[in-house]
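Residue strings, one per chain:
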Amino acid sequence: MSSPLRTRLREALARAPARRNIGRAMAGLVDKRRAAFPDAQALEQLRDQGQAIRDQALANLPALLRELEANCRANGIEVHWARTAAEANEKVRELVQAAGTTSVLKGKSMVSEEIGLNAALAEAGIEALETDLGEWIIQLAGEAPSHIVAPAVHLDRREVAARFREHFPELEVGEEIADLTALARRLLRERFAQLRVGISGVNFLIAETGTLCLIENEGNGRLCTTLPEVHIAITGIEKVIARLDQLPPLLRLLTRSATGQPITTYVNLISGPRGTDERDGPRAVHLILLDNGRARLQADPELRATLRCIRCGACMNHCPVYTRVGGHGYGTVYPGPLGAVLEPRLHGLAAPGELAEASSLCGACAEVCPVRIPLPQLIRRVRRDRARVSPGTTGRQARLWSLWAAIMAHPARARAVTRTLALLAPVINPALHWLPSPWTRHRQPPQLARETLAKLASEEGFGDE
Ligand code: SF4
C-alpha cells in the first residue's frame, strides 16, 4: 500500500503546471542568490558570523528570553508564553475577543501556519484576513502555502487571475501582474482602514532592547502592525538574538539567501505601543512566544542546530526533490530539507518522519544554508531515530542492515557469502528486475558481480590485508 507521502508526491508530480511554475521560480531564486553573493570568501565570513550569532543566542536561550521579556515589558509590550499550538491559539483568541472584534488583519507568519491559527480563529467565529499578497491568493484558493517565502509560487499569473475571477465575479480582472497587484492593493486597503487588530510574525527578537524586527516587501506588515488599535506578534522562542548590532549581518544573510535582495523594502523595528506624544501606532502590543517543541530541540546538542534557521528558504530553492514536487508534495507546513528535520521534531517521528526519506542527501541544502545548519546530518538523524521506533519499512531496513553488519564484521563469513552470491549471480541477477520495490520500478537494479572483490584483488597481487 502507498504511504500518504508517496501518494502526495505522485500527485504533485502529476501537476505539470505547478511543477513548471515552481521549477522556473526556483531557478530564478538560485540565480538571484548567486548574484547577491559575488565574493565567495566574504560569503563564508558572513556565514561564520551568522552561525556564531545564532549559536550564541541558542546557548543562552533561557537568559536571553528573560532579558527580552523584561525589556519588552519596560517598553510597554505585553509578553505571553505558549507551550503548545493550542495555548498560542487560545491566547490570540482571548486577545482578539478582548478587543471586541470578529475580524483581524494578518501579516505573513509561518508560526501562525504551524499552529493552524486561521482555522482556530474561524472556530471561534473570527475571520483572519491574510494581507501578504501570496498568502491572500492561497487563502482565496483554499490552499496551503507551497513555499515558506513565496506561498503562491506554484501558481502563474493566469491561474491567479482565474482565482480572483472566481471570488470577485463582479470585478474586471486583468492577467498582467500590475493589474493583479493593483486589484489586491485596492481590495485589501479598504479592509486595513476598518479592522482593529493586526497579527504579524517576527523575524528576530532583540533581547537587549526589547525590539521586534519584521521584514517584508509589500508594506502590509507595516500596515498590520501600525494601523490597528492592537498588534499581536507571534513567533517561536528561538528567534531571539542578544544585541541590536547582531541584526545587520543576519538581515544581509536572510534577504540575499531568500530573494537575492540586498535588503527588503521594509524593515520594521517595533519597540512598543504608541507613546503618549505620538499620533499613530497601536495602543497595545502583545508578543506571544511559542515553544511547541523548541525547548526540547534546544536541549539536544545535535538537534539544537535546527533552531539556527532564519527561514530564508534557500535550502528548498536548491533541493532537487523540492524543486520537482513543491511544498504541497510534502503536505507539511515546513517543506523541503528544513521540513524534513523540523516537522518530525515538532510533531513526532511517525508521519512527518517519513519526510526524511524524500531526500537524496546530495548536500546542496547544507552548502547554501546561510547559518550552516548541517541538514543532511540532521536528516540522517531523523532516519536513525525513526528506525529505532518504527516497526514498519524502516524497521525492516534496520534489520537488513544489522544482518549485513553481522556478515561484514567477520572476514571469513563475508568471503563465504560473497563467493556464494557471485556463483549464484547468473540466477539471481535476472530475478532482481522483478523485485517488488518502488526503487526498481523506475531504475535498473544493481547487479551482482560474477567475481568477488577478494578474488580480483588477489589476482592483482594484493594479499588479505
Ligand atoms: S534551514 Fe537554512 S537554508 Fe533552510 S530555511 Fe533555514 S536558514 Fe534557510
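Shown above is the structure to which this text applies.
Since we're looking at a predicted model, the values are computed, not measured.

Definitions and limits used
Every chain is numbered independently, its residues counted from 1 as its sequence is written. Only residues with pLDDT of 70 or above have their local features reported here, since the model is predicted, and side-chain atom pairs are shown and tallied only from 80 upward, although totals for entire chains, interfaces and linings are computed over all residues. Only hydrogens and water are set aside; all other atoms, that is, all heavy atoms of the structure, feed into the side-chain values. Pairing of aromatic rings covers Phe, Tyr and Trp, the last counted by its six-membered ring, and requires centre-to-centre distances within 6.5 Å; plane angles under 30 degrees mean stacked, over 60 mean edge-to-face, and any other angle means tilted. Every helix listed is a DSSP run of H or I at least four residues long, and every strand listed is a run of E at least two residues long, numbered separately from the N terminus. Note on exposure labels: buried denotes an accessible area under 20% of the residue type's maximum, exposed denotes more than 50%, and partly exposed covers the range between, all computed with a 1.4 Å probe on protein chains only. We call a residue near a molecule or strand when any one of its heavy atoms sits within 4 Å of it. Nonpolar residues are Ala, Val, Leu, Ile, Met, Phe, Trp, Tyr, Cys and Pro. Charged residues are Asp, Glu, Lys and Arg, and all others, Gly as well, are polar. The rule for pairing is simple: two strands pair if DSSP sees at least two bridges between them. For helices, the fitted line uses only the C-alpha atoms of the stretch in contact; every axis is such a line through C-alpha atoms, and the angle between N-to-C directions lies from 0 to 180 degrees. It only takes one pair of heavy atoms within 4.5 Å for two residues to be counted as in contact.

**Student:** Go over the packing of aromatic side chains with me, naming the residues and quoting the values.
**Tutor:** As enumerated under the stated definition, the model contains 5 aromatic pairs in all. A ring pair is formed by W136 and F164, whose centres lie 5.3 Å apart and whose planes are at 55°; its orientation type is tilted. With W136 in helix 8 (residues 133–141) and F164 in helix 9 (residues 157–167), the pair connects residues that are 28 residues apart, well separated along the chain. As far as burial versus exposure is concerned, W136 and F164 are alike and both buried.

**Student:** Mind laying out the site of the ligand, listing which residues take part and the relevant values?
**Tutor:** Taken together, C309, I310, R311, C312, G313, C315, C369, P370, V371, I373 and L375 form the complete shell of residues around the ligand. In terms of residue class, the shell around the ligand is built from 9 nonpolar, 1 polar and 1 charged.

**Student:** Which residues make up the sheet that holds strand 1 (residues 77–82), and what values go with them?
**Tutor:** Strand order in the open sheet formed by 6 strands is 1-10-7-4-2-3, and the pairing between neighbours is parallel. Looking at which strands have only one partner, the edges of the open sheet turn out to be strand 1 and strand 3 (127–130). Averaged over all neighbouring strand pairs, the angle between strand axes comes to 25°, with direction disregarded. Of the pairings in the sheet, the one linking strand 2 (residues 103–106) to strand 3 comprises 4 bridges and is parallel in character. Opposite S103, over in strand 3, you have E127 as the bridge partner.

**Student:** Break down the environment of V104 for me, with residues and values.
**Tutor:** With respect to the helices, strands and loops of the structure, V104 is situated in strand 2. Residue class for V104 comes out buried when judged on its relative accessible area of 0%. Residues V104 and E130 lie 26 residues apart in sequence; the distance between their C-alpha atoms is 8.7 Å. Among residues more than four places away in sequence, those in contact with V104 are V96, L121, I126, E127, A128, L129, L195, V197 and I199.

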